[in-house]
Amino acid sequence: MSSQVVPQTMGQQFGRRSWAEPWKIKMVEPIRLISREERERAIREAGYNTFLLRSEDVYIDLLTDSGTSAMSDRQWAGLMLGDEAYAGSRNFYHLEDAVRTYYGYKYLVPTHQGRGAEHLISKALIKPGDYIPGNMYFTTTRLHQELAGGTFVDVIIDEAHDPTSTHPFKGNVDLDKLEALIKRVGPEKIPYVSLAGTVNMAGGQPVSMANVKALRNLCDRYGIRIYLDATRMAENAFFIQEREDGYANKSIAEILKEFCSYTDGAWMSAKKDHLVNIGGWLAVNDPDVFDVARNLVVVYEGLHTYGGMSGRDMEALAIGITEAVQDDHIRARVGQVRYLGELLTDWGIPIVQPIGGHAIFLDARRFYPHIPQDQFPAQTLAAELYLDSGVRSMERGIVSAGRDPETGDHRYPRLELVRLTIPRRVYTQAHMDVTAEAVKAVYDAREQTRGLKMVYEPKYLRFFQARFERL
Ligand SMILES: *Cc1c(COP(=O)(O)O)cnc(C)c1O
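**Points about the confidence of the model for the protein**
Should pLDDT be low for a region, the predicted coordinates there are not to be read in detail.
Step number 1: For the protein, the mean per-residue pLDDT works out to 95, and 97% of the residues sit at or above 70.
Step number 2: In the model, residues 1-8 has pLDDT below 50 throughout and makes 15 contacts with residues more than four positions away in sequence or in other chains.

**Details of the side chain of Thr231**
Step number 1: If you trace the backbone, Thr231 turns up in the loop between β6 (225-229) and α9 (233-243).
Step number 2: Within the structure, the side chain of Thr231 is placed 3.3 Å from the backbone nitrogen of Ser269, a separation counted as a polar contact.
Step number 3: Discounting chain neighbours no more than four positions away, the residues touching Thr231 are Trp267, Met268, Ser269, Lys272 and Asp273.

**A few points about the layout of surface pockets**
Step number 1: Each pocket or cavity is described by its volume, and for the largest pocket that value is around 1,700 Å³.
Step number 2: Taken together, 39 residues line the largest pocket, and the ones lying closest to its centre are Met27, Ala70, Met71, Arg425 and Val426.
Step number 3: Elements with a minimum of two residues in the lining of the largest pocket: α3 (73-79) and α13 (327-346).
Step number 4: Here the element with the most residues in the lining of the largest pocket is α3; it accounts for three residues.

**Remarks on the sheet that holds strand β12 (residues 417-421)**
Step number 1: What the three strands build is an open sheet, ordered β9-β12-β11; its pairing is antiparallel. What marks the edges here is a single partner per strand, and that holds for β9 (359-363) and β11 (394-396). The mean inter-strand angle of the sheet, taken between neighbouring strand axes irrespective of direction, is 35°.
Step number 2: Taken together, the five bridges between β9 and β12 define a ladder with antiparallel strand orientation. Looking at β12, one finds that Ile360 is bridged to Leu420.

**A closer look at the packing of aromatic side chains**
Step number 1: For the structure shown, the criterion picks out 12 aromatic pairs.
Step number 2: Between Tyr103 and Trp281 the ring centres are 5.1 Å apart and the planes differ by 75°, which places this aromatic pair in the edge-to-face class. Taken together, the residues Tyr103 in helix α4 (residues 90-103) and Trp281 in strand β8 (residues 280-284) connect sequence positions 178 residues apart.
Step number 3: Classification of Tyr103 by relative accessible area gives buried; the value is 2%.
Step number 4: Between the aromatic rings of Phe238 and Phe239, the centroid separation amounts to 5.7 Å while the plane-to-plane angle is 75°, which identifies the pairing as edge-to-face.
Step number 5: An aromatic cluster of at least three residues, connected via ring pairs, comprises Phe51, Phe463 and Phe464.
Step number 6: Here Arg142 stacks its cationic end above the ring of Tyr137, 3.8 Å away from the centre of that ring.
Step number 7: For the cation-ring pair, Arg396 lies above Phe463, with the distance from its terminal atom to the ring centre recorded as 4.8 Å.

**Thoughts on the site of the ligand**
Step number 1: Near the ligand, the surroundings consist of 14 residues, among which Gly114, Arg115, Asp229, Ser269 and Lys272 are the closest.
Step number 2: Side-chain polar atom of Asn200 to an oxygen atom of the ligand: 3.2 Å apart, as the coordinates give it.
Step number 3: In the complex, the protein chains occlude 95% of the 380 Å² of accessible area that the ligand would expose alone.
Step number 4: With respect to the pocket detection grid, the ligand is positioned in the second largest pocket.
Step number 5: Looking at the shell around the ligand, the elements with two or more residues in it are α5 (114-125) and α6 (139-147).
Step number 6: At three residues, the largest contribution of residues to the shell around the ligand is made by α5.

**Here we look at the domain arrangement of the protein**
Step number 1: Entries for the protein in the domain assignment read domain 1 (12-61 + 327-470) and domain 2 (73-324).
Step number 2: Between the C-alpha centres of domain 1 and domain 2 the distance comes to 25 Å.
Step number 3: With 35 residues of domain 1 at the interface, the matching set in domain 2 holds 46 residues.
Step number 4: Summed over both partners, the interface of domain 1 with domain 2 comes to about 3,000 Å²; 55% of that surface belongs to carbon and sulfur atoms.
Step number 5: Looking only at domain 1, the three residues that lose the most surface to domain 2 are Ile330, Leu415 and Arg424, adding up to 19% of its buried area.
Step number 6: For the pair domain 1 and domain 2, the interface holds seven salt bridges.

Criteria and thresholds
- Residue numbers run consecutively from 1 along every chain, following the written order of its sequence.
- Given that the model is predicted, a residue must reach a pLDDT of at least 70 before its local features are reported, and side-chain atom pairs must reach 80 or more before they are shown or counted; all residues, however, enter totals for whole chains, interfaces and linings.
- Each side-chain value is worked out from all heavy atoms of the structure, with water and hydrogens disregarded.
- Scored from 0 to 100, pLDDT records how confident the predictor is in each individual residue.
- Note on definitions: a residue-residue contact is assigned when non-hydrogen atoms from the two residues lie within 4.5 Å.
- Runs of H or I in DSSP of at least four residues are treated as helices and runs of E of at least two as strands, each being numbered from the N terminus.
- For this analysis, a polar contact is any N or O atom pair within 3.5 Å, provided that within protein one partner can donate a hydrogen and the other can accept it, and provided that sequence-adjacent residues contribute only side-chain to side-chain pairs.
- Each cavity reported here is a set of points on a 1 Å grid over the protein atoms alone in which a 1.4 Å probe fits but cannot get out, each pocket an open set with protein on both sides within 12 Å along at least five of seven lines, and each lining residue one with an atom within 4 Å of a point.
- Grid points are joined across faces, edges and corners, and a volume is the space filled by probe spheres set on the points.
- For two strands to be treated as a pair, DSSP must find no fewer than two bridges joining them.
- Where helices are involved, their axes are fitted lines through C-alpha atoms of the stretch in contact, as for all axes, and angles between N-to-C directions lie from 0 to 180°.
- In summary, the pairing rule links any two rings of Phe, Tyr or Trp, Trp by its six-membered ring, whose centres are within 6.5 Å, and it sorts them by plane angle into stacked for under 30 degrees, edge-to-face for over 60 and tilted for everything else.
- Here's how the labels work: a residue is buried when its accessible area is under 20% of the maximum for its type, exposed when over 50%, partly exposed in between, all with a 1.4 Å probe on protein chains only.
- By definition here, charges over rings are those cases where NZ of Lys or CZ of Arg is within 6 Å of the ring centre and within 35 degrees of the ring normal.
- Residue proximity to a molecule or strand is established when one non-hydrogen atom of the residue lies within 4 Å of it.
- All accessible-area figures derive from a Shrake-Rupley calculation using a 1.4 Å probe, and residue coverage is judged against the displayed protein chains alone.
- Molecules are considered to sit inside a cavity or pocket once more than half of their atoms lie within 2 Å of its grid points.
- Residue ranges assigned to the domains are those given by an automatic or database domain assignment.
- Buried area is calculated as the accessible area (1.4 Å probe) missing from two parts once they are joined, with the contributions of both summed.
- The term salt bridge refers to a side-chain nitrogen of Lys or Arg lying within 4 Å of a carboxyl oxygen of Asp or Glu.

Written out as structure tokens, the structure reads:
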């Protein structure tokens, strides 16, 4: 990995020029590549939807970084310390401590995963007819806001919708767009701003500290709360350390805590940053919001000291939180994503720039300019990549965007992407090389590729279960 992308101060801080993983491998899980004919059959039987493939038929699995991380020996040891009492488990208090220490919020409600927390906060705060502004939608987040009767409004800066813009903080909120919305609908119709760092659907793009501070000022003027989707906020902190004046010598943990201090609470999919296979939480500062959420959690998730997790899950999570905010961990994590992205960039393959925190996003519009968006270019590309090499990726385009609840028509997002998501601490640089070569092979064959038609469409979050056929 070239050292040019790493500021000099970081090299000095670590006593070396390049990043290397701050761990060694103690246990391995064999993987295998099935034949081309077997892959043809597998993807056809999966309706050309990579979510419907069997994991056994996948060689390198870059579907998601969700729940796919490798746990450390300490986390595995933590599993043996599960206190499986129904109420008041010791592990809950460890978890509460870790969240308070690194995120700084006062009250914790555990949930089984991120969407459990999204459900609680949406139900607790949103009334029918409300508007929820946010820096780009996320699939499950927006759905819970809509199911609670709200309307999501995208207030991210325009650059976020342009895969070629190299803005260093493409996750930033456009404060003018937000203020225009506040003036149009009135602050009493906006229960909170839904802020995410990094922004998954924009390509893992960060929010700057300056932006969250300015957002806090604006929201204070109108009495509006800010809740943070903290799912990949540790990765966001890395970009602040790397790119924002005044933060090069602050630790990831310090930056994370400062950022959270400008918000009123957060929900978390611990399956991402926190290096566990399952888990999540909601944390807030307002005792009244806590009261409502703690009451709702017993209806939908479990008692307020486990919320759908076992004691051992909470222990592994508490340990994972501490590991997730270590500077050398994040540097190697983002460094590996960047390694893959730089290979593809060098070979002239269109990807979202700048390279984000958790994934490489292939730009299917520029890959397949001859495939119209309603023939699902990104879905096609994900299927082709699997066929070529057994690498599993995910569509993030028109299928993921779903239908407009008012008109019933497809939403046509500007970004038509395929996500190659890198699990944490799982694959080596050689897996990244093989993946890059596979993308190159599919790119070289792009002109012969035709699109897909959708033959089955579920009502909610259709990208998970939709089926397609070749045109
Ligand atoms: C994964 C994710 C969620 C939902 O969390 P789950 O644990 O999958 O339920 C919410 N927001 C973002 C940004 C995510 O990536």
